[in-house]
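Structural overview for review
In case you want the letters, here they are:
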Amino acid sequence: MKTSSSSIQADEIMRRAAAAYLGLAIGDALGATVEFMTAQEIRAQYVVHRDIKGGGWLRLKPGQVTDDTTMALALGEAIIANQGRVDAMTCARAFDAWMRAKPIDIGNTVRRNLLRYRQSGVPCAPPSEHDAGNGAAMRVLPVALATLGQDEDAVAKTVIAQAHITHNNPVSDAASIFLALFVQDAILGMTLPQIYRQRVLPLVAAQPVFSYRIKRLENPSGWVVETMRAVLQAIFDTDGFEECLVDVVNRGGDADTTGAIAGMLAGALYGLASIPPRWLERLDPTIREACKRQAYALIAHGIAAGEH
Ligand SMILES: [Mg+2]
């Protein structure tokens, strides 16, 4: 597997996987407070928003997370129950059960295509140029962990099977694959400049729509292109977990999802020790424990798969 060429130890791989999962949940909980606010409104109300305090349009308790985290956890649980194998039907059933449990929030594309799955039994949405929201990309982490060590084509195929249950769109696919491979590279010890050369440059060359070296993007929408631009700006304009998450959520807009995705990448890059204790302590304890438990279980499947 890929670790053979890396000096990173197995226990550090586990810790980085846990940091990615906790980063996803922390970014979600932090960003949800300011979701749909403009950057200007956030400045007026908080100067800088930097504490997990709940509230927001969903009226969350401090530390509570939204669909970004709960969909990933539903997916992760299903993959673990399936001995680490990821197939479309397993994922679709998990998302359907998740929707039946009345989640606190659900995206329009996710709802529409899960209702379609309920009727058709087919775990793949029809191709749509409009389904380029960030709903498939935001929940990709369990797939990245379970497929760690597999070759890139196999990872991409699995990521797409998961994504197409609700989002059958090439831009969503490109973002989801990029994020999964970025997380894997970071967990295996690749540095940010290495990831830039190996992943970011080829992505932007193949899909120029993701060019992010533009004016600072504020108020990103739920379009996965704007999500990616905001997240990449925040990742490359900062050099630590806390700074990155504060940067991205204070842009407003779809801040729970930009926070979740940036938190996942920054957690994988900077590791467990980089996560501020005040955020970790504030996170809903049930969610915190589930993220850690799933990260270890999924990465164990990933490592085992990569060794075959
Ligand atoms: Mg959300």
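Residues numbered from 1 in each chain as written. Predicted model: local features only at pLDDT ≥ 70, side-chain atom pairs only at ≥ 80, totals over all residues. Heavy atoms only, no water.

Per the secondary structure count, the protein includes 14 helices and 0 strands. Along the protein, helices (α) and strands (β) appear in the sequence α-α-α-α-α-α-α-α-α-α-α-α-α-α when read from the amino end. With the C-alpha coordinates of the protein rotated into their principal frame, the extents come out at 55 × 50 × 40 Å. Counting every position in the protein, which comprises 308 residues, the buried fraction comes to 60%. Long-range pairs, those at least 24 residues apart, make up 73% of the contacts in the protein between residues at least 6 apart in sequence. As displayed, the protein has an accessible area near 12200 Å², and 54% of this comes from carbon and sulfur atoms. Side-chain charges in the protein split into 30 positive and 32 negative, and the spacing between the mean points of these groups amounts to 3 Å. (Helix = DSSP H or I, 4+ residues; strand = E, 2+ residues; numbered from the N terminus. Buried < 20%, exposed > 50% of the residue type's maximum accessible area, 1.4 Å probe, protein only. Contact = heavy atoms within 4.5 Å. Areas by Shrake-Rupley, 256 points an atom, 1.4 Å probe, with all protein chains shown as cover. Lys, Arg positive; Asp, Glu negative; His and termini not counted. Charge placed at Lys NZ, Arg CZ, Asp CG, Glu CD.)

Attention now goes to the coordination of the magnesium ion. At the metal site, the magnesium ion is ligated by T66 (OG1), D67 (OD), D68 (OD) and D256 (OD), and these contacts range over 1.9 to 2.4 Å. Sequence spacing among the residues donating to the magnesium ion works out to T-D-D-x187-D. Just as T66 is buried, D67 falls in that class too. (Donors = N, O, S within 2.8 Å, 3.2 Å for Na, K, Ca; no water.)

What follows concerns the packing of helix α8 (residues 170-187) against helix α9 (residues 192-206). A packed helix pair is summarised by two numbers, namely the angle formed by the two axes and the spacing between the axes. Contact geometry of α8 with α9 gives a least axis separation of 11 Å together with a crossing angle of 165 degrees. Classed by the angle they form, the pair α8 and α9 counts as roughly antiparallel. Note on packing geometry: the crossing formed by α8 with α9 is right-handed. Of α9, the residues touching α8 (which contributes A174, F178, L181, F182, D185 and A186) are L192, I195, Q198, R199, V200 and L203. Taken together, the residues of the contact of α8 with α9 break down into 9 nonpolar, 1 polar and 2 charged. (Axes fitted to C-alpha atoms, helices over the stretch in contact; angles between N-to-C directions. Parallel < 35°, antiparallel > 145°, perpendicular 65-115°, else oblique. Left-handed = near helix turned anticlockwise from the far one by under 90°. Nonpolar A, V, L, I, M, F, W, Y, C, P; charged D, E, K, R; others polar.)

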